[in-house]
Amino acid sequence: VRAFCSDRSGLPVPFHISSNQGLSSSTLPLGKHAALYPEVSYVKTITVTTVRLDDLVALHGFNVDEFSYLNIDVQGYELNVLRGAPALLSHVDAVQLEVSIEPLYEGGCTLDQITEYLAAAGFRRELVQINPKQWGEALFLKSRAANAVARNGAAQVYRVPSDFTKPESRFLLGYRNRITSEL
C-alpha cells in the first residue's frame, strides 16, 4: 500500500522528491537538512492526497489486532502520522521512529514532541540513538512490551530477521544486547 499518511485525510499537499534517490523526500522544506547535507536538494514536486493511518488501516480492512510494532520514518513528519493513528497506537506495543533533537526539516517535529505525544498514548521512551548530526532512531514501548522484551529480548518479541540487514533490525539487535546484558 502506497499512501501519504498525515493527521487528516483528503487534503492535497506538495511532496518534494529529493536528489538522493528520494531518501530525503518530504512534504516539508529542507530547512536545517540543507545545511547538514548540501549535496541534497529537491528535484521535483508532486501533489499527493493525505490519509490518516487509522483511515488507511480501515480502508484496506487490516485487522489492527495483528499489529504489534509500528515503524515510522517520514522525514520530520512523524508527529503528524502519529496524530492520525490513535486507534492503531492503542493496539501496538512498540513504535520506532526516526527522530531529531531539533527539526531537520522546516516545520518538522522533535524527539521531545514525539516523546510527549507517545507518553500520553501510554508509551515510554526506551532507547534513543542519536548521531553527531543530531538525528537518529528512538524506540518507544508500552509497559507490557517492555516487560516482554526484558524477559525474551527484542528479536524474539518482534521477530527480527536473523540476517539483521535492515537498519531497524540492527537497532533492535543493539537494544536486545543492552537489555540482556542488564539482566
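Everything that follows concerns the structure shown earlier in this document.
Every chain begins its residue count from 1, and numbering advances along the sequence as written. Totals for whole chains, interfaces and linings use every residue, but because this is a predicted model, local features are given only for residues with pLDDT of at least 70 and side-chain atom pairs only at 80 or more, for both listing and counting. Values reported for side chains reflect all heavy atoms of the structure, with hydrogen atoms and water molecules removed beforehand.

Q: Sorry, what's going on with the packing of aromatic side chains here?
A: For any pair of aromatic rings, geometry is given as the distance between the ring centres together with the angle between the planes. Here is the rule: rings of Phe, Tyr and Trp (six-membered ring for Trp) pair when centre to centre is within 6.5 Å. Planes less than 30 degrees apart are stacked, more than 60 are edge-to-face, and the remainder are tilted. As enumerated under the stated definition, the model contains three aromatic pairs in all. With a centroid separation of 5.9 Å and an interplanar angle of 70°, the aromatic rings of Phe4 and Phe15 are classed as edge-to-face. Taken together, the residues Phe4 in strand β1 (residues 4-6) and Phe15 in strand β2 (residues 12-18) connect sequence positions eleven residues apart. A residue is classified by how much of its surface remains accessible, and Phe4, at 13% relative accessible area, is buried. With a centroid separation of 6.3 Å and 80° between ring planes, the pair formed by Phe62 and Phe67 is classed as edge-to-face. Buried, partly exposed and exposed residues are distinguished by accessible area as a fraction of the type maximum, computed with a 1.4 Å probe on protein chains only: under 20%, between the cut-offs, and over 50%, respectively. Its relative accessible area of 39% is what places Phe62 among the partly exposed residues. Of the aromatic side chains, those joined through ring pairs into one cluster are Phe4, Phe15 and Tyr77. Only DSSP runs of H or I covering at least 4 residues are called helices, and only runs of E covering at least 2 are called strands; the numbering of each starts at the N terminus.

Q: Sorry if this is basic, but what is going on with the pairing of strand β7 (residues 135-142) here?
A: Remark: a regular strand shows side chains that alternate across the two faces of the sheet. The buried fraction of β7 is high, at six of eight residues. Of the strand pairs in this sheet, strand β5 (residues 94-100) and β7 are connected by seven bridges, and their pairing is antiparallel. Across the sheet, residue Ser100 finds its bridge partner in β7, namely Trp135. In the sheet, strand β6 (residues 123-130) pairs with β7 via seven bridges, with the strands oriented antiparallel. Residue Gln129 lies in a different strand from β7, and its bridge partner there is Glu137. Pairs of strands are assigned from DSSP output, requiring at least two bridges between the strands.

Q: Please clarify how the sheet that holds strand β4 (residues 69-72) should be interpreted in this entry.
A: Within a sheet, adjacent strands bond to each other through the backbone by hydrogen bonds, running parallel or antiparallel. Ordered by their spatial adjacency, four strands build an open sheet running β4-β5-β7-β6, and the pairing between neighbours is mixed. Because the sheet does not close on itself, it has two edges, and the strands there are β4 and β6. The average undirected angle you get between the axes of adjacent strands in this sheet is 20°. Interaxial angles span 0 to 180 degrees and are taken between N-to-C directions of axes, which are lines fitted to C-alpha atoms, for helices over the stretch in contact.

Q: I tried to follow unusual backbone geometry on my own but got confused; where do I start?
A: Leaving glycine out, the prevailing phi sign among residues is negative, and the prevailing peptide bond configuration is trans. For Gln21, which is not glycine, the phi torsion reads 60° and is therefore positive. Along the chain, Gln21 turns up in the loop between β2 and α1 (32-36). Positive phi is not limited to glycine here, since Gln75 has a value of about 50°. Within the secondary structure layout, Gln75 lies in the loop between β4 and α3 (78-83).

Q: Where do I start with the nonpolar core in this structure?
A: Here is a general trend for soluble globular proteins: nonpolar side chains tend to be buried in one another's company. Among buried residues, the Ala, Val, Leu, Ile, Met, Phe, Trp, Tyr and Cys ones that are joined through side-chain atoms within 4.5 Å form a nonpolar core. Ranked by size, the top nonpolar core spans 32 residues in total, and within it Val95, Leu97, Leu118 and Phe140 carry the most contacts. Working rule for contacts: check all heavy atoms of both residues, and any pair within 4.5 Å makes them a contact. Not counting the four nearest positions on each side in its chain, Phe140 is found in contact with Asp93, Ala94, Val95, Leu97, Leu111, Ile114, Thr115, Leu118, Phe123, Arg124, Arg125 and Glu126.

Q: What is the right way to look at the pattern of salt bridges in this model?
A: Here the idea is simple: oppositely charged side chains can pair when their charged atoms come close. One side-chain nitrogen of Lys or Arg within 4 Å of one carboxyl oxygen of Asp or Glu is enough to make a salt bridge. Under the criterion given, the structure shown has four salt bridges. A salt bridge links Arg52 to Asp54; the shortest N-O distance between them is 3.6 Å. With a shortest N-O distance of 3.0 Å, Arg52 and Asp55 are connected by a salt bridge. Exposure remark for Asp55: the relative accessible area of 30% places this residue in the partly exposed category. When salt bridges that share partners are traced, they join Arg52, Asp54 and Asp55 into one network.

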